[in-house]
Amino acid sequence: MIEFHPVTKHIGAEVTGVDLRKPLSPEEVATIRQGWLTHLVLFFRDQHIDDEQHLQFALNFGTLNHPAFKKDGASPIHVLDQTDPKGEGGDEWHSDNTFEPTPPMGSLLRCVQLPSVGGDTLWANTYLAYETLSPPLQRLCDELTAVHDITASMKKAISKGHPFDLAEVQAKWPPLVRPVVRTHAETGRKALFVNRSSTTRLVGLSDRENEALLPLLIDHIRSAEYQVRLRWRPGTLAFWDNRSTQHYAVADYTERRRMHRVTVNAFPEHADPA
């Protein structure tokens, strides 16, 4: 029987009673999905699966999202193989690819190889980040929109030696305006939807107002009581909801860390309204 064991009061649960090497029944998929919506990020331990099993498990929950910077026809498995992660972008609180017209619904990240110490990942509950704002600030945020722009994160990647053409990337993903408060398509709950990687300014506010309010909102998401921290082991898979969480990869290692990720878009019945 599938069971969920909460890791903290507000976010994260370890899942037992399922073998990801085997196809899941519709009932098992529904149970996992409901647990995922409740706990926001699920941890599956001791799942020594291959890439094809990883992919098939992911496709129970959404359609394939091809990594933004991979060429057409590339493997759907995105390999994160790092020894020098500081400044690569994962070590900032973010939700994935909010610069895209339709950001991915979620990701499933599997640990393949770890350094001898370090390399943890944290997730934060962005429902709670919104719900713990004071009512006047909630009302203000409900009315605000913000610009999401790939430029800053792309400049960091280029500075780390990645061979991207900045002008080409900017043309493909021009800045987008999104609500500061996002309503989850499946749960109906509101979540704070700004992040340090991509959100550059609040629309309609002066520079001085932006300098005061945007950092406050971004830093609010970092409150410890909204977070869970995962110490990886080979064979651990984490499945998170990109719509109600942000995550942070701790860049505290200099030995090889290899992770495999599949990212999924929402099925039409679970997609945000147009």
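The model shown is predicted, which means the values in this text are computed figures rather than measured ones.

Caption draft 1: Representation of helix H4 (residues 135-143). Taken as a whole, H4 has its buried residues at Leu 137, Gln 138 and Cys 141. All buried residues of H4 project into a common sector of 105° when viewed along the axis, lining one side. Pointing more than 90 degrees away from the buried face of H4 are the exposed residues Arg 139 and Glu 143.

Caption draft 2: The pattern of salt bridges, seen in detail. As enumerated under the stated definition, the model contains 15 salt bridges in all. When the shortest N-O distance is used, the salt bridge between Arg 45 and Glu 14 registers 3.3 Å. Note that Arg 45 is positioned in the loop between strand S3 (41-44) and helix H2 (51-58) and Glu 14 in strand S2 (residues 13-16), a separation of 31 residues in sequence. The salt bridge involving Arg 33 is made with Glu 186; its shortest N-O contact spans 2.9 Å.

Caption draft 3: Expanded view of helix H5 (residues 151-159). The complete set of buried residues in H5 reads Thr 151, Met 154 and Ala 157. Projected onto a plane normal to the axis of H5, the buried residues spread over an arc of 120° and lie on a single side. Taken together, the buried residues of H5 touch helix H6 (166-172). Downstream of H5 by one or two residues, Gly 161 has phi in the positive range, about 100°.

Caption draft 4: Inspection of the sheet that holds strand S7 (residues 121-125) at higher detail. In space, the 3 strands of this open sheet follow the order S13-S7-S15, with antiparallel pairing throughout. Every other strand in the sheet has two partners, leaving strand S13 (227-230) and strand S15 (245-249) as the edge strands with one partner each. Taken over all neighbouring pairs, the strand axes of this sheet differ in orientation by 20° on average, direction set aside. Relative to S15, S7 runs antiparallel, the two sharing 5 bridges. Opposite Thr 121, over in S15, you have Ala 249 as the bridge partner.

Caption draft 5: The arrangement of the packing of aromatic side chains in detail. Under the counting rule described, the total for this entry stands at 10 aromatic pairs. Plain terms: the ring middles of Trp 36 and Phe 239 are 4.6 Å apart, the flat faces sit at 10° to each other, and that makes the pair stacked. Residue Trp 36 is located in helix H1 (residues 26-39), and its partner Phe 239 is located in strand S14 (residues 237-241); the two are separated by 203 residues in the primary sequence. By relative accessible area, Phe 239 is classed as buried at 0%. Three or more aromatic residues link up through ring pairs in this structure, and these residues are Trp 36, Phe 44, Phe 57, Phe 61 and Phe 239.

Caption draft 6: Spatial organisation of the environment of Glu 269. With respect to the helices, strands and loops of the structure, Glu 269 is situated in the segment after strand S16 (257-265). On the accessibility criterion, Glu 269 (59% relative accessible area) is exposed. Separated by 83 residues in the primary sequence, Glu 269 and Glu 186 have C-alpha atoms spaced 8.9 Å apart.

Caption draft 7: Just the side chain of His 220, in detail. By the secondary structure assignment, His 220 is in helix H7 (residues 207-220). The contacts of His 220, once residues within four sequence positions are left out, are Ala 129, Thr 132, Leu 133, Leu 192 and Tyr 226.

Caption draft 8: Focus on the packing of H4 against H7. At their nearest, the axes of H4 and H7 sit 13 Å apart, and the two run at 105° to each other. If you check the angle between H4 and H7, you find them roughly perpendicular. Contacts between H4 and H7 involve Leu 137, Leu 140 and Cys 141 from the first element and Leu 213, Leu 216 and Leu 217 from the second. For the contact of H4 with H7, the per-class residue count stands at 6 nonpolar, no polar and no charged.

Caption draft 9: Representation of the sheet that holds strand S9 (residues 176-179) within the structure. The strand order across the open sheet built from 3 strands is S9-S8-S12, with neighbouring strands paired in antiparallel fashion. Across the chains shown, the open sheet's two edge strands, defined by having one partner strand only, are S9 and strand S12 (199-202). With direction set aside, neighbouring strand axes in the sheet form an average angle of 35°. In terms of strand pairing, strand S8 (residues 145-148) meets S12 through 3 bridges, oriented antiparallel. The residue bridging Ala 146 from the neighbouring strand is Leu 202, located in S12.

Parameters at a glance
Residues numbered from 1 in each chain as written. Predicted model: local features only at pLDDT ≥ 70, side-chain atom pairs only at ≥ 80, totals over all residues. Heavy atoms only, no water. Buried < 20%, exposed > 50% of the residue type's maximum accessible area, 1.4 Å probe, protein only. Helix = DSSP H or I, 4+ residues; strand = E, 2+ residues; numbered from the N terminus. Arc of directions from axis to C-beta. Salt bridge = Lys/Arg side-chain N within 4 Å of Asp/Glu carboxyl O. Contact = heavy atoms within 4.5 Å. Pairing = 2+ DSSP bridges. Axes fitted to C-alpha atoms, helices over the stretch in contact; angles between N-to-C directions. Phe/Tyr/Trp six-rings, centres within 6.5 Å; stacked < 30°, edge-to-face > 60°. Parallel < 35°, antiparallel > 145°, perpendicular 65-115°, else oblique. Nonpolar A, V, L, I, M, F, W, Y, C, P; charged D, E, K, R; others polar.

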